[in-house]
Amino acid sequence: MDLFDHAMEEDLKKKAPLAARLRPRTLDEFVGQEEIVGKGKLLYRAIMADRLFSSLIFWGPPGTGKTTLAMVIANHTKSHFTSLSAVMAGKADLRQVIAKADELRKMYQKRTILFVDEVHRWNKAQQDGLLPYVENGVITLIGATTENPYFEVNRALVSRSRIFQMKSLTDENIHALIQLALKDKERGYGEMKINLAEDALAHLIRVAGGDGRNALNALELAVESTFPNKKGVIEITLDVAQDSIQRRAVLYDKDGDAHYDTISAFIKSIRGSDPDAALYWLAKMLYAGEDPRFILRRLIISAGEDIGLADPMGLVVVNAAAQAYEFIGLPEGVYPIVEAVLYLATAPKSNSAGAYFKAYDVIEKSGRTGVPIHLKDASRDGKVLGHGKGYKYPHAHPDHFMPQQYLPDSLLGTYFYKPSSQGYEPEIQDRLSLWREAQRKALGIKSTEEIPELTEKEIQSIKTRHKKG
């Protein structure tokens, strides 16, 4: 590095964003994650002793210190430390790092620690390319990811790494970061006269959402955009703070864990008949910019899966809400969505529509079965093959019902559907019992079999096979 490069680097450090300037250089400066790097904890001891022999994956929301902790490790270790961004780097960059690491190990017996930011963004081939060198110890990997590594990172890499889950910073952690920024004379605003009002401080902490970077960025904007008063003091009032961070940064990535976790909480709240929780998760999704059509599709599924025939109007209400939304759009279109959510959450519940999966399971196990001849289409082969012969048209009989065979011979007397005791279904049960009894007598069915209810795990397994089929 020549004199001009050094001067440029120093200038960039001074002009870097506040959050970058305040990155901790040692573990003692690190704020938060006490359960992981608190004094005496395993990772703390390993970093201080420079004995990181196994690879690490830091998993957590943005602004919780994943990259910062990697940089602290870089400052503590005597190993060669290098970093790549999975967003920018490809296999060629990785090959260069591996070649350098191999050379350092052979010539100087020096280990290489490779930090890969957003490691989940590397595809399987890229992650596989790293695996042999992690396995033989040429490289010690430190990966950072906002996504669940058990789903998004190569299983072989995960099995060779220690996973540390980093949590959103507490209000106390955010408070400590802001105070550090105001007092630090070298990297923060310690040389300036700043008066941060208590209510402004509380607002910054509250809306930072546990994201340290978010809080420091807001403080920086507030300070840099406010002129000093006549006494040379920069007054950060509540109004200034609100202008600097008007909107809470809700953790919600449409392709990530937070997306699936939130919609899961939403549907489970409806299933659990908690309208207040359902409204909360709905608001979170819409606030974060989720497509209302996605929410409505899930509500339609819930109407069939969780409410079913206990209240058949549930499906009608949700479909009407979906149609109304297409006419109106946001923001007013939220009203029919809310109405549908409240209707489903407060409706009687039944999962009896899951009887379909019982039938699907039987078909998988028994294979193809023939259609009884009287149920076959008579319009094509009725005259030659006798298809449709013997079929009795129910509407031509009293009560529009005529007991006759509808299932294949091998399944006569098999019952998949069991009405629940909720809402409208007891009325269905009364009718169905009469029909089934009449059918047993007419067909001479001696024994019946009621297919037992499937467990949630069994239903999920069938759904998976259903999709593949």
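Rules used throughout
Residues numbered from 1 in each chain as written. Predicted model: local features only at pLDDT ≥ 70, side-chain atom pairs only at ≥ 80, totals over all residues. Heavy atoms only, no water. Phe/Tyr/Trp six-rings, centres within 6.5 Å; stacked < 30°, edge-to-face > 60°. Helix = DSSP H or I, 4+ residues; strand = E, 2+ residues; numbered from the N terminus. Buried < 20%, exposed > 50% of the residue type's maximum accessible area, 1.4 Å probe, protein only. Lys NZ or Arg CZ within 6 Å of the ring centre and 35° of its normal. Axes fitted to C-alpha atoms, helices over the stretch in contact; angles between N-to-C directions. Parallel < 35°, antiparallel > 145°, perpendicular 65-115°, else oblique. Left-handed = near helix turned anticlockwise from the far one by under 90°. Contact = heavy atoms within 4.5 Å. Nonpolar A, V, L, I, M, F, W, Y, C, P; charged D, E, K, R; others polar. Salt bridge = Lys/Arg side-chain N within 4 Å of Asp/Glu carboxyl O. Expected span 1.5 Å × (residues − 1). Arc of directions from axis to C-beta. Polar contact = N/O pair within 3.5 Å; in protein donor to acceptor, adjacent residues only side chain to side chain. Pairing = 2+ DSSP bridges. Right-handed = clockwise from strand over helix to strand, strands pointing away. Patch = residues over 30% accessible without salt bridge, like charges linked within 9 Å, V, L, I, M, F, W, Y side chains within 5 Å. Areas by Shrake-Rupley, 256 points an atom, 1.4 Å probe, with all protein chains shown as cover. Lys, Arg positive; Asp, Glu negative; His and termini not counted. Charge placed at Lys NZ, Arg CZ, Asp CG, Glu CD.

Colleague: Just to check I follow, could you spell out the packing of aromatic side chains for this structure?
Modeller: All told, the structure shown has 6 aromatic pairs when counted by the stated rule. On the basis of an interplanar angle of 20° and a centroid distance of 5.7 Å, the ring pair of F401 and W435 is categorised as stacked. Residue F401 is located in the loop between helix 20 (378-385) and strand 8 (414-415), and its partner W435 is located in helix 21 (residues 425-443); the two are separated by 34 residues in the primary sequence. The class of W435 is partly exposed, set by a relative accessible area of 38%. Through a chain of ring-to-ring contacts, three or more aromatic side chains come together here, namely Y356, F357 and Y360. Taking the ring centre of Y415 as reference, the NZ or CZ of R436 above it sits at 4.2 Å.

Colleague: Mind showing me how you'd approach the packing of helix 16 (residues 292-307) against helix 18 (residues 334-346) here?
Modeller: For the pair helix 16 and helix 18, interaxial distance at closest approach is 11 Å and the crossing angle is 20°. With respect to their mutual orientation, helix 16 and helix 18 come out roughly parallel. For the pair helix 16 and helix 18, the sense of crossing is left-handed. Residues P292, L296, L299, S302, A303 and I307 of helix 16 form the contact with helix 18, whose participating residues are I337, A340, V341 and L344. Tallied by class, residues from the contact of helix 16 with helix 18 come to 9 nonpolar, 1 polar and no charged.

Colleague: Just to check I follow, could you spell out the pattern of salt bridges for this structure?
Modeller: Pairing of side chains with opposite charge becomes possible as their charged atoms draw close. Taken as a whole and assessed by the stated rule, the structure comprises 21 salt bridges. Across the pair E437 and K441 runs a salt bridge, and its minimum N-O distance is 3.9 Å. Linking E437 with K441, this pair stays in helix 21, spanning 4 residues, or about one helical turn. Judged by relative accessible area, which is 32%, E437 ranks as partly exposed. A relative accessible area of 66% means that K441 is categorised as exposed. Here the salt bridges share partners, and the residues they tie into one network are R25, E29, D184, E186 and R187.

Colleague: Help me understand unusual backbone geometry in this model?
Modeller: Excluding glycine, residues mostly have negative phi values, and the peptide bonds linking residues are mostly trans. L330 connects to P331 through a cis peptide bond whose omega is 10°. Locating P331 in the fold gives a position in the loop between helix 17 (313-328) and helix 18. One non-glycine residue with positive phi stands out, namely S273, at about 60°. Inspection of the secondary structure assignment puts S273 in the loop between helix 14 (257-271) and helix 15 (275-287).

Colleague: Even after reading the chapter, I still don't get helix 7 (residues 124-135), so can you show me in this structure?
Modeller: Structurally, the α-helix is built with 3.6 residues per turn, so residues lying three or four positions apart point the same way. In a regular helix each residue adds 1.5 Å, so 12 residues correspond to 16 Å; helix 7 covers 16 Å between its end C-alpha atoms and thus fits that length. Taken together, the buried positions of helix 7 are occupied by Q126, Q127, L130, L131 and V134. All buried residues of helix 7 fall inside an arc of 150° around its axis, so they share one side. The opening residue of helix 7 is N123, an N-cap whose side-chain oxygen sits 3.1 Å from the backbone nitrogen of A125. Positive backbone phi, approximately 85°, marks G137, located one or two places after helix 7.

Colleague: It is not clear to me how the pairing of strand 2 (residues 80-85) should be interpreted in this structure. Could you clarify?
Modeller: Within a regular beta strand, the side chains point alternately toward one face of the sheet and then the other, so they alternate between its two faces. With 6 bridges connecting them, strand 2 and strand 3 (residues 112-117) associate as parallel partners. Across the sheet, the residue bridging to S85 is D117, located in strand 3. Handedness of the β-α-β unit built from strand 2, helix 6 (residues 91-108) and strand 3 comes out right-handed.

Colleague: Even after reading the chapter, I still don't get the environment of R160, so can you show me in this structure?
Modeller: Mapped onto the elements of the fold, R160 is located in the loop between helix 9 (155-159) and strand 5 (161-165). Overall, the relative accessible area of 32% leaves R160 in the partly exposed class. Separated by 89 residues in sequence, R160 and M71 place their C-alpha atoms 21 Å apart. Apart from residues lying up to four places away in sequence, R160 is in contact with S55, L131 and E135. Within the structure, R160 has its side chain in polar contact with the backbone oxygen of A156 (distance 2.9 Å). Side chain to side chain, R160 and S159 meet in a polar contact 3.2 Å long.

Colleague: Whenever I open this one, the side chain of H203 confuses me. Can you help?
Modeller: Examined against the element boundaries, H203 turns out to sit in helix 11 (residues 198-207). Judged by its relative accessible area of 7%, H203 falls in the buried class.

Colleague: How do you make sense of the environment of L130 when you look at a structure like this?
Modeller: Looking at the secondary structure, you find L130 in helix 7. For L130, a relative accessible area of 0% translates into the label buried. For the pair L130 and L94, spaced 36 residues apart in the sequence, the C-alpha separation amounts to 7.7 Å. Filtering out sequence-adjacent residues up to four positions away, L130 remains in contact with L94, L114, W122, I139 and L141.

Colleague: Help me understand a negative patch on the surface in this model?
Modeller: On the surface, E198, D199, D239 and D243 cluster together into a negatively charged patch. Among the secondary structure elements, those contributing two or more residues to the negative patch are helix 11 and helix 13 (238-244). Along the polypeptide, D199 turns up in helix 11. Residue D199 is classed as partly exposed on the basis of its relative accessible area, which comes to 41%.

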